[in-house]
Amino acid sequence: MTESFGIEILKHFVLDGCEVKVADVTPLAAPGALDDALRRLSKQRRDKTLRYRFERGKLLSAGAGLLLDNMLAKYGLRERDMRYIEGEHGKPAIEGYPELHFSLSHSGNFVACAIGEMPVGVDVQTIVTARDSLVNYTTSESEKAKLQSLEAPAERNAYFTQLWTLKECYVKATGTGLGHDFPSFEIVANEVKALSSLVPPARFFTFSLDGARGAVAMIDAKKY
């Protein structure tokens, strides 16, 4: 169902201390829809959207802003009034609301937003091919062995994509970003296992979309 704010909500779930929504931005491709969306967003989000060279990137950026705006409403806030600051590794935060944590992600036609009162990270990714370069960048030796044990390419690609989203949402939650050494930790039975560096504990939730996978990481702020 297409919401009045211009994107179609596909999934909505509430975890312990965290709310997550996933949407399809395809409706923003309608004539005039993107311009209308930009008028409802903050200057920072508009500027970021317009920096994208291709239309798909603009739709995803605007859609992420609209989804965040929708989720901020429960706190009595509007995205158009927000100002954003960045942490050491580029993790965004809302100026003046340090207690409110959020994370955005987009891929394909999908945008995802997680928001709550603890450090959170969300990642959504269309199914990718488990190429050697990506596998070596992302996985530990035991994770590589698991991938190699999967004979069907479709199964292997789906597993790798889910693993990628789990690691990506975790480094978003911690604020370390892509600078984190991805093979240095594993996620086993929804828990983080450090291999060569200390990491804070997190809880995870995974979800599937048609042709995509996603994951959410939540960190107990009292322990982090």
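Reference entry: report on the structure contained in this document.

So, how was this worked out
Residues numbered from 1 in each chain as written. Predicted model: local features only at pLDDT ≥ 70, side-chain atom pairs only at ≥ 80, totals over all residues. Heavy atoms only, no water. Helix = DSSP H or I, 4+ residues; strand = E, 2+ residues; numbered from the N terminus. Polar contact = N/O pair within 3.5 Å; in protein donor to acceptor, adjacent residues only side chain to side chain. Contact = heavy atoms within 4.5 Å. Core = buried A, V, L, I, M, F, W, Y, C linked by side-chain atoms within 4.5 Å. Buried < 20%, exposed > 50% of the residue type's maximum accessible area, 1.4 Å probe, protein only. 1 Å grid on protein atoms, 1.4 Å probe; cavity = no way out; pocket = protein on both sides within 12 Å on 5 of 7 lines; lining within 4 Å. Points joined across faces, edges and corners; volume = space filled by probe spheres on them. Nonpolar A, V, L, I, M, F, W, Y, C, P; charged D, E, K, R; others polar. Phe/Tyr/Trp six-rings, centres within 6.5 Å; stacked < 30°, edge-to-face > 60°. Lys NZ or Arg CZ within 6 Å of the ring centre and 35° of its normal. Axes fitted to C-alpha atoms, helices over the stretch in contact; angles between N-to-C directions. Parallel < 35°, antiparallel > 145°, perpendicular 65-115°, else oblique. Left-handed = near helix turned anticlockwise from the far one by under 90°.

### Topic: the side chain of Ser107
On the secondary structure map, Ser107 appears in strand 5 (residues 101-107). In terms of polar contacts, Ser107 uses its side chain to reach the backbone amide nitrogen of Thr126, at 3.0 Å. For Ser107, the contacting residues outside a window of four places in its chain are Leu60, Val124, Gln125 and Thr126.

### Some thoughts on the nonpolar core
Counting residues in each nonpolar core, the largest one holds 29 residues, and the members touching the most others are Leu28, Leu67, Leu68 and Leu72. Elements with a minimum of two residues in this core: helix 1 (33-39), helix 3 (55-72), strand 5 and strand 6 (110-116). Element by element, the count of residues in this core is highest for helix 3, at nine residues. Counting residues in hydrophobic clusters, the runner-up holds 17 residues, among them Leu15, Val22, Phe207 and Leu209.

### Side note on the layout of surface pockets
The volume enclosed by the largest pocket comes to roughly 770 Å³. Taken together, 29 residues form the lining of the largest pocket, with Lys48, Gly90, Pro92, Leu104 and Lys172 sitting closest to its centre. Counting only elements with at least two residues in the lining of the largest pocket, the list comes to helix 2 (43-51), strand 3 (84-86), strand 5, strand 7 (120-126) and helix 6 (153-174). Tallying contributions element by element places strand 5 first for the lining of the largest pocket, with five residues. For the lining of the largest pocket, the per-class residue count stands at eleven nonpolar, ten polar and eight charged. In this model, the second largest pocket occupies a volume close to 210 Å³. If you trace the second largest pocket, you find 18 residues lining it, with Lys91, Pro92, Ala93, His101 and Ala173 closest to the centre. Contributing elements (two or more residues each) for the lining of the second largest pocket: strand 4 (92-94), strand 5 and helix 6. Here the lining of the second largest pocket takes three residues from strand 4, the largest share from any one element. Looking at the lining of the second largest pocket, its residues break down into ten nonpolar, six polar and two charged.

### Some thoughts on the packing of aromatic side chains
Inspection of the entire model under this criterion finds nine aromatic pairs. Geometrically, the ring pair formed by Tyr170 and Phe185 is tilted, given 5.2 Å between the ring centres and 50 degrees between the ring planes. With a gap of 15 residues between them, Tyr170 in helix 6 and Phe185 in strand 8 (residues 185-188) connect regions that are remote in the sequence. The burial state of Tyr170 is the same as that of Phe185; both residues are buried. Taken together, the ring pairs in this structure connect Tyr137, Trp164, Tyr170, Phe182, Phe185 and Phe204 into an aromatic cluster. Here the basic side chain of Lys167 rests over the ring of Phe185, its NZ or CZ set 5.1 Å away from the ring centre.

### Focus: the packing of helix 2 against helix 3
A pair of packed helices is captured by two measures, namely the crossing angle of their axes and the spacing between those axes. Two numbers describe how helix 2 lies on helix 3: the axes approach to 8 Å, and their chain directions differ by 165 degrees. As the angle between them shows, helix 2 and helix 3 are arranged roughly antiparallel. With respect to the hand of their crossing, helix 2 and helix 3 are arranged in right-handed fashion. Where helix 2 approaches helix 3, its residues Arg45, Lys48, Thr49 and Leu50 are matched on the opposing element by Lys58, Ser61, Ala62, Ala64 and Gly65. Taken together, the residues of the contact of helix 2 with helix 3 sort by class into three nonpolar, three polar and three charged.

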